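This is what each chain is made of:
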Amino acid sequence: MPTVATPSTSPRRGRPGYDQESVLQIAVTVFNRHGYDATSMGMLAEELGVSKSAIYHHVPSKGDLLRLALDEALVPLEAIGDAAQAQGGSTIERLEYTLRSTIRVLLDRQPYVTLLLRLRGNTEVERNALDRRRAVDRRVTDLMVAAQAEGRIRADVEPRTTTRLMFGMINSLVEWYRPGGPATPEQVEENAIAMIVDGLRARD
């Protein structure tokens, strides 16, 4: 996850002392604080301490900032399915890999995933992102269905409902987890996997 670039000198009007990554990161903070719809380019300029024209030096519009921010969450989430398939192993092993990787993305890119999870679908950019998110969810559901057909997970669970429940728990991390808190990322990951995978695994 990119770190915030701190300007070495006070940014000049129209020529900001930020690069696109740092502008994006600050924009995500403001989007999450006020909501995307309620955030204006003027508010972003005030937060950055630059003029609105200085922001346009980096991105053409607020919608482009949103698109770039959502890609920070969606691109790594989309890559998980391909990586799980490439690594091989049993369906339950691929499911565990997928869930572990998803948790790591959420913890590593928490502000960006928070923005993704709060989308309302009011713009084309948002609707496209929601479609991509649903495609990620479907790949996990398909993996659940395959694991159940192979007898790897319990027969008494409904795969689609269970996928929603799993993601409901995992996605809640963006609301309560804070770096430096009592639970380390590794502990969060292990606890979640113990609850989900061990609970789903078929018993002999």
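Residues numbered from 1 in each chain as written. Predicted model: local features only at pLDDT ≥ 70, side-chain atom pairs only at ≥ 80, totals over all residues. Heavy atoms only, no water.

As a further point, take helix H1 (residues 20-34). Relative to the 21 Å expected for 15 residues at 1.5 Å per residue, H1 spans 21 Å between its end C-alpha atoms, a close match to the ideal helical length. Tucked inside the fold, the buried residues of H1 contact helix H2 (41-48), helix H4 (62-87) and helix H6 (110-117). Looking one or two residues past H1, Gly-35 carries a phi angle of roughly 95 degrees, positive in sign. (Helix = DSSP H or I, 4+ residues; strand = E, 2+ residues; numbered from the N terminus. Expected span 1.5 Å × (residues − 1). Contact = heavy atoms within 4.5 Å.)

What follows covers the packing of aromatic side chains. Enumeration over the complete set of coordinates arrives at 2 aromatic pairs. Centre to centre, the rings of Phe-31 and Tyr-36 are 5.0 Å apart; their planes meet at 75 degrees, and the pair counts as edge-to-face. In this pair, the class of Phe-31 matches that of Tyr-36, namely buried. Between the aromatic rings of Trp-176 and Tyr-177, the centroid separation amounts to 6.2 Å while the plane-to-plane angle is 80 degrees, which identifies the pairing as edge-to-face. Residue Trp-176 is classed as partly exposed on the basis of its relative accessible area, which comes to 49%. We note Lys-62 situated over the ring of Tyr-36; from NZ or CZ to the ring centre the distance is 4.2 Å. (Phe/Tyr/Trp six-rings, centres within 6.5 Å; stacked < 30°, edge-to-face > 60°. Buried < 20%, exposed > 50% of the residue type's maximum accessible area, 1.4 Å probe, protein only. Lys NZ or Arg CZ within 6 Å of the ring centre and 35° of its normal.)

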